[in-house]
Amino acid sequence: MAHEIENEQIAYTGEEPWHGIGAKMEPGMSPEEWLKAAKLDWTVTMRPTYVKPTEEGDLIPVPNSYALVRDTDHKVLTVASARWTPLQNRDVLDFMQRYVTAGGAELETVGALRDGKIIWALAKLNHNFEVRRGDRIGGYLLFQSPHQVGKSIMVSTTTVRVVCANTMAAARRQQEVNYRQSHLNEFDVEAARESVAAAHDQLAEAEKRWKVLDKIKLSTDDIVKKVLIPVYAPSAQEAEDSSAVMGILRSIAAAPGYLGDDKETAYGVLNGVTHWSDHVRGKGGAGRLKSIFSGDSHKQKLEVESRLLELA
């Protein structure tokens, strides 16, 4: 997934992440060291915007309009009003460090997406569980801090399945986030710290749900007609030739994890969907990783889980 991260803007500790690139960090490194290793040691400033009415005309300032500019190369990341409060990458990392320290977590991966417009991080929580013996699931906090108008800073709970590095949100609904912060307000550190308890609650609920799914046996016909087609190929034409459905069926059969008829459980289906979304779907690029975090892949995984639970 090397093309997903601009200029390999990523740093990590522990095992090499699923994307296979970036700078390896030692535990206990400072935010400044993380920023430098991830190539995020740049700042942004708000600059007035102007228009040029004619080829020979003078520049005219646009009222209450400012460009958020990356100072190293003068790249415009977004255009905002004077009320927009820019958050420097240094401040983001400092907040993340304090957040995870207060909640008993450890910063594991830091990076940027979409030409630096989204700064993100994964922090490993001290909360693991097994759906069945040997199938370990790790709990994480996912941070997203966008340099984009209309996008909030968010902290949410996600999971990583160790055997194949599949990711799945712990909350059942997309709007269930632990913390949300608008760029129009000051950063509320205390409220963010308090929200870390929600992550452990969501992980405990996810464990219960997935153990229920592990007990449900499904036929291929039910998997296709009751789950995959409604989510990935709802129209008749799409159902006839959906590459998504066929790709997911291949992931259910061949992805790392359970063997034999274990893959025919509802939990096996969910793992097939997450493997296809995280490792197979599309042609790579920034879209896949962003989609995993909060885009179509994220929404579709939650819908698949809901449909599988309905079959219980």
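Located above this text is the structure these notes cover.
Residues numbered from 1 in each chain as written. Predicted model: local features only at pLDDT ≥ 70, side-chain atom pairs only at ≥ 80, totals over all residues. Heavy atoms only, no water.

Caption draft 1: Quick look at the overall build of the chain. Each helix and strand in the chain was counted, giving ten helices and eleven strands. Relative to all contacts within the chain whose residues are 6 or more apart in sequence, the contacts with residues 24 or more apart total 60%. On the chain, roughly 14700 Å² of surface is accessible, and the fraction owed to carbon and sulfur atoms is 50%. (Helix = DSSP H or I, 4+ residues; strand = E, 2+ residues; numbered from the N terminus. Contact = heavy atoms within 4.5 Å. Areas by Shrake-Rupley, 256 points an atom, 1.4 Å probe, with all protein chains shown as cover.)

Caption draft 2: Representation of the pairing of strand β8 (residues 136–146). In terms of burial, β8 is a largely internal element, ten of the eleven residues being buried. Here strand β7 (residues 118–130) hands over to β8 after five residues, with glycine 134 in that stretch at a positive phi of 90°. For β8 and strand β9 (residues 153–161), the ladder comprises eight bridges, and the chain directions are antiparallel. The residue of β9 that forms the bridge with glycine 139 is threonine 159. Hairpin geometry of β8 and β9 is characterised by an intervening segment of six residues between the two adjacent antiparallel strands and by a positive phi of about 85° at glycine 150. (Buried < 20%, exposed > 50% of the residue type's maximum accessible area, 1.4 Å probe, protein only. Pairing = 2+ DSSP bridges.)

Caption draft 3: A look at the sheet that holds strand β4 (residues 60–70). Spatially, the three strands line up as an open sheet ordered β3-β4-β5, and their pairing is antiparallel. Each having just a single partner strand, β3 (44–51) and β5 (75–80) make up the two edges of the open sheet. The average angle at which neighbouring strand axes cross in this sheet is 40°, direction not considered. Across five bridges, the pairing between β4 and β5 is antiparallel. Of the residues in β5, the one forming a bridge with leucine 68 is threonine 78. (Axes fitted to C-alpha atoms, helices over the stretch in contact; angles between N-to-C directions.)

Caption draft 4: A look at the environment of lysine 290. Topologically, lysine 290 is positioned in helix α9 (residues 286–294). Remark: the alpha-carbon pair of lysine 290 and arginine 114, spanning 176 residues in sequence, is separated by 8.5 Å. Aside from chain neighbours lying at most four places away, what touches lysine 290 is Leu113, Arg114, Ile118, Gln144 and Gly295.

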